[in-house]
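The primary structure of each chain is shown beneath.
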Number of protein chains: 2
Amino acid sequence: MPDLAAEDRSHGPYSFERPSVSVDVVIFTLREGDLQVLLIRRRNDPFSGQWAIPGGFVEIDESLEAAALRELEEETGVKDVYIEQLYTFGKPDRDPRMRVITVAYIALVPENALPPIRAGDDAAEARWWSMYDLPSLAFDHADILDYALTRLRYKLEYTAVGFELLPIEFTLSELQAAYETILGETLDRGNFRKKLRRAEVVEATLGFQTTGGRPARLYRFRDDAVAEVKARRLFP
Amino acid sequence: MPDLAAEDRSHGPYSFERPSVSVDVVIFTLREGDLQVLLIRRRNDPFSGQWAIPGGFVEIDESLEAAALRELEEETGVKDVYIEQLYTFGKPDRDPRMRVITVAYIALVPENALPPIRAGDDAAEARWWSMYDLPSLAFDHADILDYALTRLRYKLEYTAVGFELLPIEFTLSELQAAYETILGETLDRGNFRKKLRRAEVVEATLGFQTTGGRPARLYRFRDDAVAEVKARRLFP
DNA sequence: TAAATAGTGTCTCTTAGACAATATTAT
DNA sequence: ATAATATTGTCTAAGAGACACTATTTA
């Protein structure tokens, strides 16, 4: 931290020369057998009519994470979900109006926890888009989504973060389908299950689910695996 | 991105209610067979006399990375080194004077590229500290250092980032010692070399270095491994 | 019975880790 | 020769990937 007195002229409370800070939230869910992301269509310039990641400015007395959760709830009505800081984007010209530094977050929301989407005040429209078929995006939001997908895939491989996208109980075939959708590749059934057994992240329940063939056992994530993800959540 | 017009009252150019943004740079080097970090002793309140990570406010027209590189050069005279964004810390009360959101960076500097350290204007003193024997720190800087070490260790395991801390040519024993110092554990010689061979990140040069026993061959990092790290640098 | 889906087992190759053996220098 | 350090190899166990086999349901 610099000494404030030495820099008051350019950064003290009476200066106008300071950047604004926003949070943008990349909201992922699994819908229609697809990895989808919630985007809003901008009502005003710049980029009026273009699609963008939901976000907003950080209030003076709220933490970055609180701001991201607030924006998430304002846009979707969703609370109590997994969010994680992604990266801070700060090129001086990323917003043509003024200097805006944005702290990007990822949110993972299970489909069954999603209320119907409604557009907020500042959006002409809000809807889900497939991550694999995106529209043209405002600002540097295409970069942010690119990186968000990279990070999500990465985390999926070495943590149990996938449970944040699934209902409480699920079949292993459903879990595998979720992994395949997110990773963008097919996985071997036997090896996938072997890996799950070794990792000890899921446990069988007593229930079954009929599927058209042999009924599938229902599983849930183990409490300790969930706890580990939640612990990492606060401080990656 | 939010719509600006709808929020001008609290965040437009005439508002005083916006956070300041700073960058803090955790500068690592290997010195005296130790992993060390450069800290400055604060000249002014708050935390006057306490040690802190060097940093400063982001200028209105410079990118975050440019700000981090500028601060690094102002504090140490070092240019052209590896830096990487670590995390953005934004709790409202992390600075008792005012709201400051700080984007933390990691810099890796080889000892032989370091000029003698001099304290900048805003510091009473500047010196290297062992990461394993740190003083009490101002602000939330202990958290930042903690996380920086975690990230450094992590990157060391899966990238060739170590070369940023070593001279151009080095023996494999020196490289192993560097890894051991950073990871805080001893490694098996044979397995370490086997892993290096498989990873194809280093290549032998023609030189040797006398060591008191059998002379050790000098190695350098392969260009493509270095290029990969540099490519990741801009956008993790 | 056939089709569909669930679940398990086996083989091979790679890798990680522990540890032993050999090589080359200085004293 | 001995000490010191460098370099390579060997054994074993664990893990990843390809693929085949068995199980249980519906139509």
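Residues numbered from 1 in each chain as written. Chains lettered and ligands numbered in written order. Predicted model: local features only at pLDDT ≥ 70, side-chain atom pairs only at ≥ 80, totals over all residues. Heavy atoms only, no water.

Visitor: Just to check I follow, could you spell out the protein's contact with DNA strand D for this structure?
Guide: Around DNA strand D lies a shell of 20 residues, among which Arg198(A), Ser173(B), Arg189(B), Arg193(B) and Arg217(B) are the nearest. At 3.0 Å, a side-chain N or O of Asp188(A) approaches a base nitrogen of DNA strand D. The separation between a phosphate oxygen of DNA strand D and a polar side-chain atom of Arg198(A) is 2.3 Å. Secondary-structure elements contributing two or more residues to the surface near DNA strand D are α5 (189-199) of chain A together with α5 (189-199) and β10 (216-221) of chain B. The element best represented in the surface near DNA strand D is α5(B), accounting for five residues. Considered class by class, the residues forming the surface near DNA strand D number three nonpolar, seven polar and 10 charged. (Near = heavy atom within 4 Å. Polar contact = N/O pair within 3.5 Å; in protein donor to acceptor, adjacent residues only side chain to side chain. Helix = DSSP H or I, 4+ residues; strand = E, 2+ residues; numbered from the N terminus. Nonpolar A, V, L, I, M, F, W, Y, C, P; charged D, E, K, R; others polar.)

Visitor: Got a minute to help me understand the domain arrangement of chain A in this structure?
Guide: Interface size is often expressed as the accessible area that is lost when the parts come together. Residues and elements named next belong to chain A. Per the domain assignment, the segments making up chain A are domain 1 (18-144) and domain 2 (159-230). Placing the centre of domain 1 and that of domain 2 at their C-alpha centroids yields a distance of 28 Å. Taken together, the contact pairs 13 residues of domain 1 with 10 residues of domain 2. On the domain 1 side of the interface with domain 2, the three residues burying the most area are Leu30, Tyr82 and Leu108, jointly 54% of the side's total. Where domain 1 packs against domain 2, one counts zero salt bridges. Every element with two or more residues in the side of domain 1 that touches domain 2 is listed here: β1 (20-31) and β2 (34-42). (Domains from an automatic or database assignment. Contact = heavy atoms within 4.5 Å. Buried area = accessible area lost by both parts, 1.4 Å probe. Salt bridge = Lys/Arg side-chain N within 4 Å of Asp/Glu carboxyl O.)

Visitor: Would you mind showing me how to read the environment of Pro215(A) here?
Guide: Residues and elements named next belong to chain A. Mapped onto the elements of the fold, Pro215 is located in the loop between β9 (202-209) and β10 (216-221). Distance in space between the C-alpha atoms of Pro215 and Thr171 is 9.6 Å, their sequence separation being 44 residues. Not counting residues within four places of it along the chain, the set of residues in contact with Pro215 comprises Phe208, Gln209 and Thr210.

Visitor: Can you walk me through the protein's contact with DNA strand C in this structure?
Guide: Close to DNA strand C lie 20 residues; Ser173(A), Arg189(A), Arg193(A), Arg198(B) and Arg214(B) are nearest. Each atom of DNA strand C within 4 Å of the protein was classed as base or backbone; sugar and phosphate made up 55%. A distance of 2.3 Å separates a phosphate oxygen of DNA strand C from a polar atom in the side chain of Arg193(A). With five residues, α5(A) is the single largest residue contributor to the surface near DNA strand C. Taken together, the residues of the surface near DNA strand C sort by class into three nonpolar, seven polar and 10 charged.

Visitor: How do you make sense of the environment of Thr88(A) when you look at a structure like this?
Guide: Looking at where Thr88(A) falls in the secondary structure, it is placed in strand β5 (residues 82-89). The buried category is assigned to Thr88(A), whose relative accessible area is 1%. Placed 25 residues apart in sequence, Thr88(A) and Ala113(A) show a C-alpha to C-alpha distance of 28 Å. When sequence neighbours within four positions are dropped, the list of residues in contact with Thr88(A) reads Ile101(A), Thr102(A), Val103(A), Leu64(B), Gln85(B), Thr88(B) and Val103(B). (Buried < 20%, exposed > 50% of the residue type's maximum accessible area, 1.4 Å probe, protein only.)

Visitor: Would you mind going over the sheet that holds β10(A) with me for this structure?
Guide: Pairing between the strands of a sheet comes from backbone hydrogen bonds, and it takes one of two forms, parallel or antiparallel. Residue and element names in this part refer to chain A. The three strands are arranged β8-β10-β9 in an open sheet whose pairing can be described as antiparallel. The open sheet terminates on both sides in strands that have one partner only, identified here as β8 (170-171) and β9. Where β8 lies against β10, two bridges are found, and the strand directions are antiparallel. Each residue of the ladder has a partner; that of Thr171, found in β10, is Leu218. (Pairing = 2+ DSSP bridges.)

Visitor: What am I meant to see in helix α3 (residues 141-158) of chain B here?
Guide: Because an α-helix completes one turn every 3.6 residues, residues spaced three or four positions apart along the sequence face the same direction. All names here are of chain B. Here α3 spans 26 Å end to end across 18 residues, near enough to the 26 Å set by a 1.5 Å rise per residue. Among the residues of α3, His141, Ile144, Leu145, Tyr147, Ala148, Leu149, Arg151, Leu152, Lys155 and Leu156 are the ones counted as buried. Taken together, the buried residues of α3 touch β1 (20-31), β2 (34-42), β3 (51-52), β5 (82-89), β6 (100-108) and α4 (172-183). (Expected span 1.5 Å × (residues − 1).)

Visitor: I'm lost on the layout of surface pockets in this one. Help?
Guide: To find leftover empty space, one rolls a probe the size of a water molecule over the atoms. Residue and element names in this part refer to chain B. Its boundaries defined by the atoms lining it, the second largest pocket holds a volume of some 480 Å³. In terms of lining, the second largest pocket is formed by 23 residues, of which the most central are Leu156, Glu157, Tyr179, Lys195 and Leu196. Counting residues per element, the ones that place at least two in the lining of the second largest pocket are α3, α4, α5 and α6 (223-234). Looking at the lining of the second largest pocket element by element, the count peaks at six residues for α5. In terms of residue class, the lining of the second largest pocket is built from 14 nonpolar, two polar and seven charged. (1 Å grid on protein atoms, 1.4 Å probe; cavity = no way out; pocket = protein on both sides within 12 Å on 5 of 7 lines; lining within 4 Å. Points joined across faces, edges and corners; volume = space filled by probe spheres on them.)

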